Each structure stands twice: as C-alpha cells, then as structure tokens.
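So the chains spell out like this:
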Amino acid sequence: MSQSSTTPATTTLSSSGKVARIYPWQMNRRQKTVLTIGLCLGFFALALLGGRIIGDAGLSTNLPSRNQAPSLAHPFGTDWLGRDMLTRTLHGLSLSLWVGLLAATFSAVIGAALGTIAATIGGWVDTLLTWCIDVFFSLPHLVLLIMIAFAVGGGTTGVIIAVACTHWTGLARIIRAEVLQLRSAPYVQLAAQFGRSPTWIACEHMLPHLVPQFLVGLILLFPHAILHEAGLTFIGIGLSPHLPAIGIILAESMRYLATGYWWLAAMPGAALLIAVKLFDVLGEHVRALIDPKTRQS
Amino acid sequence: MLHVQNLTVAFTVYERGLAQKRLTVITDLDVEVQAGEVVAIVGASGSGKSLLAHAILGILPHNADLGGTMTFEGEALTPARKEALRGKQIVLVPQSVASLDPLMRVGAQVQRAAQLSGQRSRAADQAVDQAFRRYSLPETTRQRYPFQLSGGMARRVLVSTAVVGSAKLVIADEPTPGLHPQIVAETLGHLRELADEGCGVLLITHDIEAALQIADRVAVFYAGTTVEMALASDFAHGATALRHPYTKALWRALPQNEFIALAGTQPNPDALPDGCLFADRCPLVTAACRVARPESRSLRGGLVRCIHAEG
Amino acid sequence: MQIASSILRFTARKLLRLLILLGAVAVFSFVLINLSPIDPVNAYIGADMLLISPEQRALIATRWGLDQPMTVRFARWAEQILQGNLGVSIIFNQPVATVIADRFSTSLALMATAWILSGAIGFVLGILAGMREGSLIDRAIRLYAYTLASSPTFWVALLLLIIFSVSLKWAPFCCASPPGLLPDQVTITQRLQHLILPAITLSIVGVANMALHTRQKLIEVLQSEYALFARAQGESIWGLVQNHGIRNVALPAITLQGAALSELFGGAVLAEQVFSYPGLGQATVQAAIRSDVPLLLGIVFFSAIFVFVGNTLADLAYQVIDPRIRIGGGAQ
C-alpha cells in the first residue's frame, strides 16, 4: 500500500504550541513573490540607468545653494559646492551597482566553474581547491581586499579585480557541495547505469539543482560585492575621488559632519542600504520561486 | 477512560501557485480505551496514526483543524485540559531515541519527565532510579548520553519516562519500528504490564502481529478512519470472525495466512472520495457505497463501518 | 587524563595547520605584492622623488635586494620572518612588530568589547525571537537584524557619530583619547568614553548575524523530535528553551562567535577610519594608501593568526562541550 507523500509526517512547534511556519512569507501567495521580484528588478533597472535618466544637471557646482538641508527642491539636500545630493547619490548608486554587478558576476562565474570542476574531477584538484578556499577564508575579508587592491594598484580596476577575486569562495563551496551530492545521488547513478549519456544526466538531473543555486548565489553575491566596493572606496583604495561613488560621497561627508550637515552622510548611506537590502529580498524571493528544495508543496 | 468520537484532523497547506490544499488526515475516527486494557490501532505506515497521539495530547501543528469529540474520564478534553494532563495523566512513549535530547544525559531527561509529572526533585530522582531498576537498566545508564544507548536500552529508557509519574493513559506511538524480535517482545511486555497495573494503553502501530500479542481490542485504521473495532481474539478465529472487508484482506495478507496483498492504494488525503473510503479496493462495493460514508455500527461485539458487513 | 591528551593532540594538529596556513599566506602575499605595479622604491621616496638621482635609487634598490630574482628575495624575506623580524614600517619608522603590538593593544579593547556585546546581546535576541516566532517581537528583531546585517559598517559609524557626538554631544568626536594628552595621562574613564561609540558600531552589526543565526537554530530545536517529546511530557515553551534550547543552540552560537572575529577585524578597519581611532584597522588603511609594504604584510600575517585563533577556539569548544565528540563513538 502506498501512502500520501504530502501528509506532514512530523509535527512542529512554536511559542503557543502551534506550528510556526519556517519561512512565513513562503506561505503567502506565490503571486506576492513574483510581484516582489518584479518590483525589485524594476528598482534596479531604474537605479542602474538612473544616472543617465536624471542627467548631470545636479552635478555642477552651484555655490549660492550650498549646504542646504533636505527640502522639497533638494530632497537629499545640497553639499558644500551646491550640488544636489539626490543627483549625486543616484549617480553614485548607479556607479556602485555597476561595479558591484560586474565584479560579482565575474566572481560567481569563477566560483561556479571552480566548484563544478573540483567536484567533477575530484582527487587532488578537489583537495587543492578546498585548501585554497580555506586559505582565502583564513584572512579577514577586508584585509584580503585591501591587499589585492593595493597589489593591483588601486583605482577602479583594483577594486573590481579585488572584489572579483575574493567573492568566489562562497559560491564555489556551495556548487561543489551540490555537485558532489548530485553525483552520489541514487537517481543519477541509476541513470548512468541505464546508459544515459553524461550530457543528458547533466542537463536533466543536475542543472535543475545547480541553476537555481547559481542564480540565487549570484544575486546574493551582489550586496556583498557592492558593500565591499563601497568600503574600499570609502577608505580611499577604490574608485577615483573624481567619481561620485557612494564611498567617496560618504568619505567626503566626514569632513563636514562636525558642522552638522548630517544629510551628506545619512541619505546616500540609506540609499545604499536600501539598494543592498533589495538585492537580498530579490535573492530570497527568487530562491523561493525556483529552488526545487524549498518550493512548498 | 478515553473516548474519541468522530475525530477529524485536517491540515491546510499552501501549494505551488495560489492554491491551498486541505489534507484530511484523520476522518471520523472512533476509539475507546478503558483502564486495564490495551487497545491497538493498526494501520499502514505513514497513514497519520501518529497524529492521533498528538491530537490527544494537544500538540498538533498550528495549521491543524480538529473536529469531533474527545473525553477523558468522562470530561471533555479541551485544549486547556490537554495541557494540564499531558505528561501527568496522559503520557506518550515515542517512536525512537531521536526523541531524546542528544546533548543531555539520559538520567536527567527522565528525571525532568518525572518533575513535569508533578514530583519534586528528590522524589523525581528516586522515581528515575526505580524505573531504571524496574526495567533492568544498569546504574551507569543515568550518566549516559542517548547516542551511547543500544537499541534495547533506548526503548527501555523511553518506556521509563512513562512510568516515572502516575500516568493513567499511556499512548505508545510505533514502539517497535524495525527492532529485534526479542526487544519487540520485551517492549510489548512492558506495555502489557502497564495495562495490567491499571493504566489504559493505546498502542499505535503498523505491526499487526505485535499488536495481537498484547492487545485486548484492535481498531483497524484505513485512510484516516477506523473501519473496524474488533476483539483481539477475533483475529485468531480467521477472516470469518472479522467484520470489515479491509480487515479481512489485512488478515489474509499476513505471512502465516494466505500472504496475498490487496491491490490498489489508499486514497489521497487531499482528495478523499465522498463515499466509503475503501470503495475503490473493496470486493463488495456497490453503488450505495459511493454515496455516503458508512456510519459505525455494532456487529457481533465490535464496531464496523460497512453497509455490507454481515453478522 | 583522556581529555588532556586529546586536547594536546588537538592543539598540535592545529599548530601544524596554522604553520602551513601562514606559509601559504606568506607565499601568496609575497607574490602578490611583488607582482604589483607599485614600485616600492618610489613609494618609499615619495615626494622626494625628484631630488633623488638615478644612482641613489639604484643603490636603494640593491640595498633592498630588488635586483634579485623573486625566489631569492622570497627566501631572504622568509628567513627574516622566521627569525621574527617583520621588517621596519616605512610610515612609522619602527619595527613592524612593535607597530602592530602597539596598535593592536589599542584595538583590542575595542574589538573585545564589541565581540562580547554582539555575542551576548545577539544570543539573547535570537532566543527571544526564536521563542516567540511569528510574534511582534520576533518580527521586530528580524527586521532590525536583516536591516543591520546588510548595513555598511562605516555608514552606521557615521550615523552614530552624527547623532551621539555632533547632535547630542554625549560622546567625543574622535580618537582613542582626548587630544593633547600623553598616554599615561589618560584615565580609564576617558578611554571608555572614546571607546564606546566605535564599540557600539562594531557590535551593532555583529548582533544582527548572531541574532539571526541563534533564532534559526532555536527554531530548528523547537521543531525537533526531542522538543516535541518534551512538549508531550508537559514542558512549556520557556521550559523547552531553558532545558533543551539553550544547550543545543550554544554550540552553533560559539562557532559563529569564533568566525565573527574575521568580520570584526574588517569592521574595525572601517570603524576606526570613521572615528579616527588609532588602532590596527587604521594602520592597515594607512599602510595600503601610503604603500608601506612591510607593515601591510605584517598586518596580513597577524590577521591570519587572529582569525585562526578565533576558529580554533570555537573548534575547541566543540571538542569539550559536545559529548558526542568528547566521549567519542557517536556520529553527530
């Protein structure tokens, strides 16, 4: 006799003795997930192209209106040169996002490739990779970034290379673990014994598991990359001070803090935070939607 | 002592898309346990029998809907009453050693069970010693961690948690999953002992042979409902003494009998048929069967849900 | 006795790993720095570049052994390192080891405070959130944690500075001690005053991770079979947390705390920059910007040891606390 596989076999608890849902938002309608994803993507499209949309008008020096607190005319206030902070922030955000996305994509591709190769070939290649990852994890992330950026000579390329070269480890680990698990999964081994070609197995059995992991991993990599780029730029090893990157904006704002011009730091940082947060939200919702393991039945 | 009538347990879960699904895991279940007797609920693995235990104890998940009535010693089992009684007058003997905290010494855990049943720490301490001695567990057992226990020892520790208090109703949830026959016999013996001392024992199991060893009455569980309530002795007299077609098929499927399995599968909990739940596999099915669920009626000293069951 | 010998074996293995790790870091950093387009001689001379003749520059290069092939340079450098000589810092004109020791002792108070605070508060918040899953308090804690976990540390630092130092004037604006005073003239209270904002900055972000992690682990515990059985015995939620939750959540929390040291170091780099706190973090930035290669390398080494110690402590905790490992014979 077979039994229904959808019967909850274990009961679960929460504070009042009733079950707590593990991911409350998973219980909401799937439409809400898709909607959220759409909104996030819309925001990012705006942010990435925002620089071009808004134009450079607010970036020019306009001394008469300098150091103004946020108002209707200047929602983010103006800086010591009279430049509109909202425009500067949007440009900076756009810049940081582009750099972050570029570096993160590099990283993700490298990570996924290395992880797959290591798990597929196994043996000393796998050991070498695992050991390499351990070495990378043995240093504080920022220190490693600083060293690489420094070694490459700083600047925009420095930041991109530094970020790209250090963010692959997490995804490599995940993909490697996934591939290892898949290779030893009974259904994969059975498929091989039935005579299915490796390509077929890869496409039918492995990709459905790997692609979601890669996609979600990639999306969740963006916030880290963006924040690290901003951090490097902030301490002066990143993007050139001529560019309105968020890190630069915040670093410059430090000079004027004592005079009470709080909007120079608060608003751009908040914008960065929101952007980063939205990536997290996007990543989690995409995962809910496409990861076969967490799709609720 | 325990009287369960028309118990229904359903879950509402969310599906791909917007759809919500309602899984009715237990439908119109009737069972009754008196003091001093062992009542076995026998049914296929994974068909929701454990949820009956959780329903009685009041520890079902949040998204569970409960219907029907349950009384204990004459009074209704409200959620508040369940909370007051569990661990004290109604206890559970769980399925596996995974029910023990892996980082806590076994003695401390049993002592905690004793304390929760209402005893002070000194008395609880002694109760643990007593229980362990009763089940021939060596002195060192108290200091052991769950991973250090052998299968048999683990079962005896789990049973100990039931006897350290003054429980009246013991619910044993699948107490013999895949264990060595000797341990199975031992465990069942302990449960029989408890019944003989005056407790009521509700034995939930898929192992019908084990159940028949110690049960007084057997409730047959199919697709979430009890299709028959028989005396254990009925099984010894062969298929003719049994009432429901499913029970007869079950009996026939036993290795020592004809060893023929029944074709087909249980209906899905999210799509239960309107009529009799056994209709698709029943040799006696007629049009009338598919119209409405049969009521439980008395027959030859037992109960059965079938319009065709004869005396 | 058994525990003592197993701890000894454990320590020996760890030391070996550390040495191999440091070796790898050494090779990696050395190759990296030497492949960089930065000319160390130029970096050293800096503004005086125009005043130096090519012959003098060549002299400096030879003095530093820059004309030798990389393997030779590495061997000489490694030899020095093994003897404990990390070189001389270009910026501070002191042995690197001294600079690091000095700077680290300043950072230590900051990092230790933040580490303890974030661990303790994060743990408590995580337990609260996990206990009352779905409730208002859980959602509030989760909102706080999710937001902060992705917040740029330097921005949080700036905000705190703006609010507490500039607006409310509750805390000093910069540095580890009031400017103008000699080190021995600074009182503990003053040190604490200067410490508090950077410490809060660092701990705020650390709290987020610890809270979320602890919350998730507690929820797993509360959904486990043994929690269900305890519940069947009549245990209340608070009883569950007390008797089973905390014990089972403590180990993952300790692991996270050990790993948190790595994040802490990175955070300190940013926080010290904002608060002009003269610690190791600020020294790292200075070394990178002013191309102080010996100091940078020295700090890289030190940070590797630092992170290693953190992870090892967490590992050790597992060896000691988890009975399945301590007594052995059980798979986790």
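See the structure above.
Note that the structure is a prediction, hence the values are computed from the model and not measured.

Rules and cut-offs
- For every chain, the first residue of the written sequence is number 1, and numbering continues from 1 onward in sequence order.
- The naming scheme follows written order: chains are lettered A onward, ligands numbered 1 onward.
- Reporting in this predicted model follows two pLDDT cut-offs: at least 70 for local features of residues, and 80 or more for side-chain atom pairs to be given and counted; totals over whole chains, interfaces and linings ignore these cut-offs and use all residues.
- For helices the rule is a DSSP run of H or I covering at least 4 residues; for strands it is a run of E covering at least 2, with both sets numbered from the N terminus onward.
- Radius of gyration means the value over C-alpha atoms here, while the globule rule gives 2.2 Å times the residue count to the 0.38 power.
- Three exposure classes are used, all based on how many other C-beta atoms lie within 10 Å of a residue's own C-beta (placed from the backbone): buried at 20 or more, exposed at 12 or fewer, and partly exposed between those limits.
- We call two residues in contact whenever the C-beta atoms placed from their backbones are within 7 Å.
- Side-chain classes are defined by residue name, with Ala, Val, Leu, Ile, Met, Phe, Trp, Tyr, Cys and Pro counting as nonpolar, Asp, Glu, Lys and Arg as charged, and the others, Gly among them, as polar.
- We treat two strands as partners when DSSP finds at least two bridges between them.
- For helices, the fitted line uses only the C-alpha atoms of the stretch in contact; every axis is such a line through C-alpha atoms, and the angle between N-to-C directions lies from 0 to 180 degrees.
- The cut-offs work like this: below 35 degrees is roughly parallel, past 145 is roughly antiparallel, 65 to 115 is roughly perpendicular, and the gaps in between are oblique.
- It is the rotation of the near helix from the far one that decides the hand of a crossing: anticlockwise by less than a right angle makes it left-handed, clockwise makes it right-handed.

Caption draft 1: Quick look at the overall build of chain B. Tallying secondary structure elements over chain B gives 9 helices and 12 strands in all. For 311 residues, the compact-globule estimate of 2.2 N^0.38 gives 19 Å, and chain B sits close to it at 20 Å. Seen through its C-alpha atoms, chain B measures out along the principal axes to roughly 65 × 50 × 40 Å. Within chain B, buried positions represent 50% of all 311 residues. In chain B, of all internal contacts separated by at least 6 residues, the share reaching a separation of at least 24 is 64%.

Caption draft 2: Just the interface of chain B and chain C, in detail. Contacts between the two partners involve 20 residues from chain B and, on the opposite side, 17 residues from chain C. The greatest single-element share of the side of chain B that touches chain C, amounting to 3 residues, is contributed by helix α3 (residues 106–116) of chain B. Classifying every residue of the side of chain B that touches chain C gives 13 nonpolar, 3 polar and 4 charged.

Caption draft 3: Molecular detail of the interface of chain A and chain C. With 45 residues of chain A in contact, the opposing surface of chain C contributes 53 residues. Looking at the side of chain A that touches chain C, the elements with two or more residues in it are α4 (141–152), α8 (198–235), α9 (246–253) and α10 (263–290) of chain A. Element by element, the count of residues in the side of chain A that touches chain C is highest for α4 of chain A, at 9 residues. Partitioned by chemical class, the residues of the side of chain A that touches chain C number 30 nonpolar, 13 polar and 2 charged.

Caption draft 4: Representation of the sheet that holds strand β12 (residues 302–304) of chain B. Residues and elements named next belong to chain B. With respect to topology, 8 strands assemble into an open sheet ordered β6-β7-β8-β3-β9-β10-β12-β11, the strand pairing being mixed. Every interior strand has two partners, whereas the edge strands, β6 (90–93) and β11 (297–299), have only one. The average angle at which neighbouring strand axes cross in this sheet is 25°, direction not considered. Direction of pairing for β11 relative to β12: antiparallel, over a ladder of 3 bridges. Its bridge partner being in β12, serine 298 is matched across the sheet by leucine 303. Here helix α6 (residues 181–196) sits on the sheet and contacts β3 (38–43), β7 (169–173) and β8 (200–205); the angle it forms with β8, its principal contact strand, is near 150°.

Caption draft 5: Region of the structure containing the environment of proline 294 of chain B. All names here are of chain B. Its place among the elements puts proline 294 in the loop between α9 (245–253) and β11. By C-beta crowding, proline 294 is classed as buried, having 23 other C-beta atoms within 10 Å. Here the alpha-carbon distance between proline 294 and aspartate 129, two residues 165 residues apart in the chain, equals 50 Å. Each residue touching proline 294, except ones within four places of it in the same chain, is listed here: Cys276, Arg305, Cys306 and Ile307.

Caption draft 6: The arrangement of the packing of helix α7 (residues 153–167) of chain C against helix α8 (residues 188–222) of chain C in detail. Residue and element names in this part refer to chain C. Packing of α7 against α8 leaves a shortest axis separation of 9 Å and a crossing angle of 135°. The angle between α7 and α8 falls in the class oblique. Considering only the axes of α7 and α8, their crossing is right-handed. Taken together, the residues of α8 that come into contact with α7 (itself represented by Thr153, Val156, Ala157, Leu160, Leu161, Phe164 and Ser165) are Leu197, Ile200, Thr201, Ile204 and Val205. The residue makeup of the contact of α7 with α8, split by class, is 9 nonpolar, 3 polar and no charged.

Purely spatial values, then, with no claim about function.
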